[in-house]
Amino acid sequence: MKRVSNRIFMGLVFLFLYAPIIILIIFSFNAGNSNTIWKGFSLQWYRELFNSRIIMNSVYTTLLVSLLSTVISTIAGTFAAVGFYNLRRRVREPLMTVSNIPMMNADIVTAVSLCLLFVAFFNGWESFANWFNEVQTVFYLTPKIYLGFGTLLIAHTTFNIPHVILSVMPKLRQMDRNLVDAAQDLGCTWFQAFIKVVVPEIKPGIVSGALIAFTMSVDDFVISYFTAGTTSSTLAMTIYSMTKKRVTPSINAVSTLLFVTVLVLLVTINIREERHARAQERRLNA
Amino acid sequence: MSKELIRLVNCSMAFDDELVLDNINLYINDSEFLTLLGPSGCGKTTTLRIIGGFTTPTAGEVLFDGVRINDVPPHLRQVNTVFQRYALFPHLNVFENVAFGLRIPKAEEGGDAEGKKKKKVKIPEREIKERVMEMLEVVSLKGFEHRHITELSGGQQQRVAIARALVNRPKVLLLDEPLGALDLRLRKDMQNELKRIQQQMGITFIYVTHDQEEALAMSDTIVVMDQGKIQQIGRPEDIYNEPKNAFVADFIGESNILDGIMHEDYVVEFFNRKFKCLDKGFAPMAPVDVVIRPEDIDIVPEAEGQLKGTVTSVTFKGVHYDTIVDFKGFKWLIQTTDFHPVGETIGIILNPDDIHIMHKSQYSGMFGDYSSYSEEYDEMDDVTLLDEEDEDEEDERHEE
């Protein structure tokens with residue numbers, strides 16, 4: 001009896017969790033114009049999607065900003081982690097906490113503060129450029145710069161770096177401290193030792209970090225909304241602006257694609273971690 | 001005969017305010033097997049790291065073949081290291097681990113230290129293969145070249161670590177407690193193996209250990225260290241038979257250490273009795289430490305003994321009995337093949353060559369009394385020693 005009621009309860013929980021997404025996915029394949037009445041299977045909304053210049057542009061922006069910020073933050077985060085790792089414990093622990101705060105922080109706070117920072121910088125730049133253009137005529141600096149792809153990329157890189165650090169750090173700690181010494185002993189400079197020995201050792205952490213960073217980037221709305229300005233728009237922002245007019249099933253189609261992308265990434269990350277945990281266990285048992 | 005290869009001149013090392021090495025002076029000859037022996041935190045690993053180039057001494061000079069190498073980074077030194085817990089590269093197989101050093105292009109040999117502009121030479125693949133296979137044969141690991149590191153036993157990993165260091169043909173091999181993680185049997189085998197390899201290759205081994213038996217069995221020269229200072233340097237026999245102070249006497253083997261007074265040359269008094277000995281050159285009536293090794297003491301019937309005592313505990317050790325005997329409240333350890341039950345009163349005779357006299361030192365009175373003798377204590381000591389060492393190391397790295 002108890003087991004049956006437990007199962008029903010579980011089913012209800014999952015129903016509440018996933019019902020909205022399931023409905024969204026189902027109606028993205030609806031032939032009609034409605035989000036409530038099923039009129040047969042069709043891919044028309046997907047077709048419409050791929051024909052829409054606005055959506056394809058924002059897909060391009062999203063992929064580009066995600067990829068670039070992933071590459072930059074993975075490199076920066078890995079080196080930051082190595083730096084933290086080499087610090088004394090007394091210094092490292094508080095620094096790690098400080099570096100973790102942005103992950104827990106409300107997105108809206110990060111978003112607004114980044115936006116304010118950019119605007120403040122633009123104002124400073126304007127005065128500098130005006131002064132610079134007055135005192136000389138050889139170079140001309142544009143006094144007016146605006147929020148756009150550049151600021152979007154900086155913002156994404158900023159919130160991605162802590163995720164990379166968090167995922168690389170445990171791998172560094174698992175590594176035998178003598179490995180770097182051993183490599184240097186055998187003729188490597190520090191950098192050679194880093195490339196030949198440290199990177200292969202912490203590679204699982206770097207790859208997971210990159211995957212998480214990419215997922216966070218694709219997924220992000222709030223921070224992008226405040227830092228992308230008017231010239232560029234990510235997929236999440238485009239969906240949001242589409243809902244302001246009239247909710248067409250093409251929104252369902254975009255959202256479905258976004259959901260599937262993030263789902264695939266998350267599943268990949270989990271499978272990788274599971275596999276490495278098992279390999280680690282085997283190594284310990286051997 | 002053998003020429004000097006490495007010399008440490010007035011080397012000191014401090015982390016923050018803590019002095020880890022205190023004015024070390026040491027020279028190491030070519031083709032010598034030298035052991036740095038001491039308890040954890042005595043500075044032996046730091047000394048090794050200074051020679052390897054992983055640490056720069058805060059004061060003093062390191063000379064290699066007469067040239068100052070304080071600022072030469074590890075990858076430019078003709079020294080290779082076998083690390084504690086081996087530090088093998090887990091992502092490479094046995095062959096690639098051993099070949100690692102050979103695959104790094106090096107500045108042409110014979111070039112001076114500032115050979116930066118020199119053309120880097122790559123060793124051809126065929127030669128790499130030859131040298132690696134040759135070295136795997138030396139360490140008896142032929143046929144293992146494609147194995148993964150994680151598939152090897154501790155002893156085999158140890159051999160890979162040695163091969164990986166030796167394949168670069170260093171002038172000096174540094175070994176940092178290489179046998180610490182192996183079980184007793186394997187450790188004995190590897191001791192012989194290491195000695196054989198050292199003789200076969202004819203290069204200098206500098207070996208760090210806290211295991212005195214290991215040190216006595218393998219070394220040409222032993223350097224006993226404690227609290228960042230060298231306590232004694234000498235051949236194993238000299239260190240054992242003529243320890244310089246109570247610390248050395250206690251750390252190397254077992255010793256009964258008593259307070260004595262040196263009346264004149266060859267005459268020492270302890271327990272209110274004068275004994276003949278072989279030592280001279282002390283000031284008249286100078287207070288001294290007297291060392292008597294437990295295996296040198298002869299037990300005789302009570303009436304014939306120079307001293308009389310009561311047996312308070314007996315432990316069977318296989319070859320001999322560890323017998324604790326109470327002499328007027330001071331307990332001695334006597335190792336004897338004869339069984340004397342607890343409670344028996346026995347006599348002992350000390351011959352002049354059983355007695356060794358040492359000057360008083362800061363260690364006087366700290367060692368050599370078996371009043372609280374217990375085997376469990378000994379074992380517990382070993383365990384805590386190992387644990388502390390790990391933490392020390394971790395800290396040291398962070399300080400750098």
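Above this note sits the structure.
**Student:** Looking at this structure, how should I read the overall build of chain B?
**Tutor:** When helices and strands are tallied, chain B shows nine helices and 22 strands. For chain B, the proportion of its 400 residues judged to be buried stands at 50%. Counting only contacts in chain B whose residues sit at least 6 apart along the sequence, the fraction spanning at least 24 positions is 68%. Of the roughly 19,100 Å² of accessible surface on chain B, 48% is carried by carbon and sulfur atoms.

**Student:** Hey, could you run me through the overall build of chain A in this one?
**Tutor:** Summing up its helical and strand segments, chain A has 11 helices and zero strands in all. Beginning at the N terminus, the succession of helices and strands in chain A can be written as α-α-α-α-α-α-α-α-α-α-α. Radius of gyration (C-alpha) of chain A: 24 Å, far over the 19 Å computed for a compact globule of 286 residues. Out of the 286 residues belonging to chain A, those deemed buried represent 40%. Looking at chain A alone, contacts between residues at least 24 apart form 70% of all its contacts between residues at least 6 apart. When the accessible surface of chain A is totalled, it reaches about 16,500 Å², and 69% of it is carbon and sulfur. Charge separation in chain A, taken as the distance between the mean sites of 24 positive and 14 negative side-chain charges, equals 9 Å.

**Student:** Which parts of the structure should I look at to understand the side chain of Asn245(B)?
**Tutor:** Residues and elements named next belong to chain B. Along the chain, Asn245 turns up in the loop between α7 (236-241) and α8 (246-251). Given the relative accessible area of 7%, Asn245 is considered buried. Of the polar contacts made by the side chain of Asn245, one reaches the backbone nitrogen of Phe247; its length is 3.0 Å. At a separation of 3.0 Å, a polar atom in the side chain of Asn245 contacts the main-chain amide nitrogen of Val248.

**Student:** Before we go on, may I ask you to explain the packing of helix α4 (residues 154-166) of chain B against helix α5 (residues 184-201) of chain B in this structure?
**Tutor:** Describing two packed helices takes the angle between their axes plus the distance from one axis to the other. Residues and elements named next belong to chain B. Relative orientation of the contacting elements α4 and α5 amounts to 15°, with a least axis distance of 12 Å. Taken together, the axes of α4 and α5 are roughly parallel relative to one another. α4 and α5 meet at a crossing whose hand is right-handed. Contacts from Gly155, Gln158, Arg159, Ile162 and Leu166 in α4 reach Leu186, Met190, Glu193, Leu194, Ile197 and Met201 in α5. Tallied by class, the residues present in the contact of α4 with α5 amount to seven nonpolar, two polar and two charged.

**Student:** Could you clarify how one ought to interpret the interface of chain A and chain B in this entry?
**Tutor:** How big an interface is tends to be expressed through the accessible area that disappears when the partners come together. With 26 residues of chain A at the interface, the matching set in chain B holds 28 residues. Across the chain A/chain B interface, buried area totals approximately 2,400 Å², and carbon plus sulfur atoms make up 55% of it. Here chain A and chain B share one salt bridge between them. For the salt bridge of Asp181(A) with Arg49(B), the shortest nitrogen-to-oxygen distance reads 3.1 Å. At the junction of chain A and chain B, the tally comes to seven residue pairs in polar contact (both at pLDDT 80 or more). Elements supplying a minimum of two residues to the side of chain A that touches chain B: α4 (89-104), α7 (178-185) and α8 (190-219) of chain A. When the residues that make up the side of chain A that touches chain B are grouped by side-chain class, the tally is 10 nonpolar, six polar and 10 charged.

**Student:** What is the right way to read the pairing of strand β2 (residues 18-29) of chain B from this model?
**Tutor:** Successive side chains on a regular strand alternate, one facing one side of the sheet and the next facing the other. Residues and elements named next belong to chain B. Bridge count between strand β1 (residues 4-15) and β2: eight bridges; the pairing is antiparallel. Within the sheet, the bridge partner assigned to Phe15 lies in β2 and is Glu18. Linking β1 back to β2 in an antiparallel pair, the connection comprises two residues, with Asp16 at a positive phi of about 55°.

**Student:** For this particular structure, what's the right way to read helix α2 (residues 44-51) of chain A?
**Tutor:** An α-helix turns once every 3.6 residues. As a result, residues three or four positions apart point the same way. Residues and elements named next belong to chain A. Within α2 the residues assigned to the buried category are Trp45, Tyr46 and Leu49. Down the axis, α2 shows its buried residues gathered within 100° of arc, on one side only. Along α2, the residues that are exposed and aim more than 90 degrees away from the buried face are Arg47 and Asn51.

**Student:** How should the sheet that holds strand β6 (residues 79-82) of chain B be read in this particular structure?
**Tutor:** Sheet strands associate in pairs through backbone hydrogen bonding, adopting either a parallel or an antiparallel arrangement. All names here are of chain B. Taken together, six strands build an open sheet; the order of strands is β6-β9-β10-β3-β11-β12 and the sheet is mixed. Every interior strand has two partners, whereas the edge strands, β6 and β12 (229-234), have only one. Each strand of the sheet is rotated relative to its neighbour by a mean of 20°, with strand direction disregarded. The strands touched by α5 within the sheet are β3 (33-37), β9 (172-176) and β10 (204-209), with β10 carrying the most contacts at an inclination of about 155°.

**Student:** Explain the nonpolar core to me, please; I cannot follow it from the model alone.
**Tutor:** Soluble globular proteins tend to bury their nonpolar side chains together. The biggest cluster of nonpolar side chains holds 37 residues, and the ones touching the most others in it are Val132(B), Val160(B), Ile162(B), Leu173(B), Leu194(B) and Phe205(B). Of all the elements in the fold, those that place two or more residues in this core are α2 (94-103), α3 (125-138), α4, β9, α5 and β10 of chain B. Looking at this core element by element, the count peaks at six residues for α4(B). In this view, Leu194(B) contacts Ile162(B), Leu175(B), Leu179(B), Phe205(B), Tyr207(B) and Met218(B); residues no more than four positions away in its chain are not counted. Counting residues in each nonpolar core, the second largest holds 31 residues, with Met169(A), Leu186(A), Ala193(A) and Leu92(B) among its members.

**Student:** Explain the sheet that holds strand β21 (residues 345-349) of chain B to me, please; I cannot follow it from the model alone.
**Tutor:** Residue and element names in this part refer to chain B. Sheet architecture is open: five strands sit in the order β17-β21-β18-β19-β20, paired in antiparallel fashion. The two strands at the open ends of the sheet, each matched to only one other strand, are β17 (298-300) and β20 (330-336). On average, adjacent strands in this sheet sit at an angle of 45° to one another, irrespective of strand direction. The sheet contact formed by strand β18 (residues 307-316) and strand β19 (residues 321-327) spans six bridges and is antiparallel. For Val314, the partnering residue across the bridge sits in β19 and is Thr323.

**Student:** Sorry, what's going on with the packing of aromatic side chains here?
**Tutor:** Aromatic rings considered in pairs are described by the distance between their centres and by the relative angle of their planes. A complete count under the given rule lists 32 aromatic pairs over all chains for this structure. Between Tyr225(A) and Tyr240(A), the ring centres sit 5.6 Å apart and the planes meet at 85°, which makes this aromatic pair edge-to-face. Note that Tyr225(A) is positioned in helix α9 (residues 222-227) and Tyr240(A) in helix α10 (residues 235-245), a separation of 15 residues in sequence. Here Tyr225(A) falls in the partly exposed class, since its relative accessible area comes to 37%. Overall, Tyr240(A) belongs to the partly exposed group, its relative accessible area being 36%. Look at Phe271(B) and Phe330(B): their rings are 6.3 Å apart centre to centre, the planes differ by 75°, and that puts the pair in the edge-to-face class. Here Phe271(B), found in the loop between β14 (267-270) and β15 (273-276), pairs with Phe330(B), found in strand β20; they are 59 residues apart in sequence, far enough to count as distant. Taken together, the aromatic side chains of Phe121(A), Phe122(A), Trp125(A), Phe128(A), Trp131(A) and Phe132(A) make up a single cluster linked through ring pairs. In this arrangement the basic side chain of Arg164(B) is found over the ring face of Phe89(B), its NZ or CZ atom lying 4.7 Å from the centre. Lying across the ring of Tyr240(B), Arg293(B) places its NZ or CZ 3.9 Å from the centre.

**Student:** Explain unusual backbone geometry to me, please; I cannot follow it from the model alone.
**Tutor:** What you tend to see is this: most non-glycine residues have negative phi, and most peptide bonds are trans. Residue and element names in this part refer to chain B. Phi at Glu177 is positive, roughly 40°, even though this residue is not glycine. Position of Glu177 relative to the elements: it lies in the loop between β9 and α5. The class for Glu177 is buried, based on a relative accessible area of 6%. If you check the backbone angles, Gln227 has positive phi at about 50° while not being a glycine. Positionally, Gln227 belongs in the loop between β11 (221-226) and β12. What makes Gln227 partly exposed here is its relative accessible area of 46%.

How each quantity is defined
Residues numbered from 1 in each chain as written. Chains lettered and ligands numbered in written order. Predicted model: local features only at pLDDT ≥ 70, side-chain atom pairs only at ≥ 80, totals over all residues. Heavy atoms only, no water. Helix = DSSP H or I, 4+ residues; strand = E, 2+ residues; numbered from the N terminus. Buried < 20%, exposed > 50% of the residue type's maximum accessible area, 1.4 Å probe, protein only. Contact = heavy atoms within 4.5 Å. Areas by Shrake-Rupley, 256 points an atom, 1.4 Å probe, with all protein chains shown as cover. Rg over C-alpha atoms; globule rule 2.2 N^0.38 Å. Lys, Arg positive; Asp, Glu negative; His and termini not counted. Charge placed at Lys NZ, Arg CZ, Asp CG, Glu CD. Polar contact = N/O pair within 3.5 Å; in protein donor to acceptor, adjacent residues only side chain to side chain. Axes fitted to C-alpha atoms, helices over the stretch in contact; angles between N-to-C directions. Parallel < 35°, antiparallel > 145°, perpendicular 65-115°, else oblique. Left-handed = near helix turned anticlockwise from the far one by under 90°. Nonpolar A, V, L, I, M, F, W, Y, C, P; charged D, E, K, R; others polar. Buried area = accessible area lost by both parts, 1.4 Å probe. Salt bridge = Lys/Arg side-chain N within 4 Å of Asp/Glu carboxyl O. Pairing = 2+ DSSP bridges. Arc of directions from axis to C-beta. Core = buried A, V, L, I, M, F, W, Y, C linked by side-chain atoms within 4.5 Å. Phe/Tyr/Trp six-rings, centres within 6.5 Å; stacked < 30°, edge-to-face > 60°. Lys NZ or Arg CZ within 6 Å of the ring centre and 35° of its normal.

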